[in-house]
Each structure stands twice: as C-alpha cells, then as structure tokens.
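# Remarks on the overall topology
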Amino acid sequence: MDGKLFLCATPIGNLEDITLRVLNTLKEVDLIAAEDTRHSRILLDHYGINTPLTSYHEHNKYEKAEILVKKMQEGTKIALITDAGTPAISDPGEVLVRQCLDAGIPVTSLPGACACITALTMSGLSSRRFVFEAFLPADKKERREVLEHLKKEHRTVVFYEAPHHLKKTLKEFLDVLGNRKLVICRELTKKFEERVETTLEDALAWYETEEPRGEYVLLLEGRSLEELKGETARSFESLTLTEHLQTYLDQGLDKKEAMKRMAKDRNCSRRDIYQGLLNEEK
C-alpha cells in the first residue's frame, strides 16, 4: 500500500507564507482535499498547481473521510489543506487523521502557518505554557462550563473568534473570569495586521463604538500562582483546623497526608498545622 495522507499548512493571510516542501507536495500528490475548493483554487492558481481538488469540510467530514481512506488504501496519495493554517487544528481534519491511523495509513504533517502560534509568539504574554481553546462551543451551557473551568488557569489561554461574535465573547469572559489582561491579534500576516494589548473591560468599551472586523485571536493572561495560592488559603479561613482536617479524613486520607495537604492549602508548615490542632483540642 503506497497511499498516504499529507497534512499541508497553507497561509493564514499572506500568500508567501508557505513552504517549498508544501508546494512540491501539492504538485506531486494525486488529489488535494480542501475545506473550500473555490477558496483553495486561488492559492493553487497563484502557484501554478493543477492537482485535482475534492471537498472535505465540517459537514461531510465523516462520510467523506471514509471515501478518502478507501482511495488511500488503493494507493492514492492525498494532501489535506484547510482554508488557512494547519489542518486538524480546530478543524475537521482531525477526523480524517484518526480514520487514516485506524486503517494503518501513514500520515505526515508538513509544518507551516498556524494562527494560534503566530499570535502567541507576538503577544508578549507567557509562551512557556499555554492552553489552546480555539472557538468556544456554540451551546450556551457548554460555553459557561468551559469558562468556569478556566477561572483558575495560570497559563496563557488562546481563543479564536469571528467578528460577529466578538463582543458577546468578551462580555462572557469578563462576567465569568473577571477583568484580565488581554491581547487581541487581528488579521494576522495581512495588510491590516493589528496587535492590541488591553484589558477585557477596556476592550468591551472600545467595541461599543467600533465595529469588529477581520478574524481574531484572543489571548488572556493566566492568573498568577501567588494569587491562586492566596485565594486557596483564604477559602479555608472560615473552617477551623479540625473541620479542615475532617474534610480530608472523610475523603479517605490518613491523618499525615491530610495535614500535609492542609499545610499546602493554608500556605504554612505542617508544624503550624500540628500545633494549631493541639491548641483547638485544649
């Protein structure tokens, strides 16, 4: 079996942001599966690539993946491209990748443009550790659950958002997460590329009078570990040490481990916990 899937990163704006390896691969494969064939034809025509195109998108990703997998089992080499950026990142390509791997078809990824990484590296926020959330779920309850889960996130959080949803999303961020440092990256690599360092409150105020335009990457600064430790310590202040100890004993921990966790919760030493418990017993 000589069939293979090539994940080919395409430009996110500037047509020059594509590698020689990707261009050669797109010319050499038997078929290109594209999210929007009309959109992709612009890129392919720009580079004189005449490889046949077929559609592969969100609305046909399962049934079309089966068809493409069968073709690859018969020896077809297929390149997968998305409208912009790296396939399978917040993209139906992940379904095709999984089906290929399950069928024993080799998959390789050709690196290139990715809006998430491009925005993160120019944001000025911590890039050592980050969380990529892409687009929030459409369901209101699910959106809330995702944001609630991020309340104590100390890593930089990266989101994608469309202009017509931007104001609603910023308001949800502020309501659930509180005011945070925010970096807005818009129209990356394009003529009107913009990076704005602001806060959620100031961004909302700005977009009350300014209409959002273009595709957005939103980067939220994570909570500081010191602040989170302080919050955790304060959350136990309403409990006596004996009550605090009992919550861990009820979970099945032995007294030694429970005291160790108490010390961490209250940002003090185990000796302080031990002495405090003795004082409460008197």
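Residues numbered from 1 in each chain as written. Predicted model: local features only at pLDDT ≥ 70, side-chain atom pairs only at ≥ 80, totals over all residues. Heavy atoms only, no water.

Attention shifts here to the sheet that holds strand β4 (residues 77-81). Pairing in this open sheet of five strands is parallel, and the strands run β3-β2-β4-β1-β5 from one edge to the other. Unpaired on one side and paired on the other, β3 (53-55) and β5 (107-110) mark the two borders of the sheet. The sheet shows a mean angle of 25° between the axes of neighbouring strands, direction not considered. Pairing analysis gives three bridges linking strand β2 (residues 31-34) to β3, with the strands arranged parallel. The residue of β3 that forms the bridge with A34 is S55. Across the sheet, helix α1 (residues 20-28) is in contact with β1 (4-8), β2, β4 and β5; its angle to β5 comes to roughly 135°. Contacting β1, β4 and β5, helix α4 (residues 93-102) runs over the sheet at an angle of about 155° to β1. (Pairing = 2+ DSSP bridges. Helix = DSSP H or I, 4+ residues; strand = E, 2+ residues; numbered from the N terminus. Axes fitted to C-alpha atoms, helices over the stretch in contact; angles between N-to-C directions. Contact = heavy atoms within 4.5 Å.)

So, about unusual backbone geometry. Backbone geometry at A134 places phi at a positive 55°, although glycine is not the residue there. Mapped onto the secondary structure, A134 falls in strand β6 (residues 130-134). With phi around 70°, T189 is a residue other than glycine that occupies positive phi space. Mapped onto the elements, T189 comes out in the loop between β8 (181-186) and β9 (194-199).

Turning our eyes to something else, we now look at helix α8 (residues 200-207). What α8 keeps buried is the set L200, A203, L204 and Y207. Projected onto a plane normal to the axis of α8, the buried residues spread over an arc of 100° and lie on a single side. Of the surrounding secondary structure, the elements contacted by the buried residues of α8 are α7 (166-177), β8, β9 and β10 (216-220). (Buried < 20%, exposed > 50% of the residue type's maximum accessible area, 1.4 Å probe, protein only. Arc of directions from axis to C-beta.)

Okay, the packing of aromatic side chains next. For the coordinates displayed, the defined rule picks out four aromatic pairs. Plain terms: the ring middles of F135 and Y160 are 5.7 Å apart, the flat faces sit at 70° to each other, and that makes the pair edge-to-face. Of this pair, F135 sits in the loop between β6 and α6 (140-149) while Y160 sits in strand β7 (residues 156-161), placing them 25 residues apart in sequence. Taking the relative accessible area as the measure of exposure, F135 reaches 41% and is therefore partly exposed. With 4.6 Å between their ring centres and 45° between their planes, F159 and F173 make a pair best called tilted. With F159 in strand β7 and F173 in helix α7, the pair connects residues that are 14 residues apart, well separated along the chain. For F173, a relative accessible area of 0% gives the class buried. Members of the aromatic cluster, connected to one another through ring pairs, are F132, F135 and Y160. (Phe/Tyr/Trp six-rings, centres within 6.5 Å; stacked < 30°, edge-to-face > 60°.)

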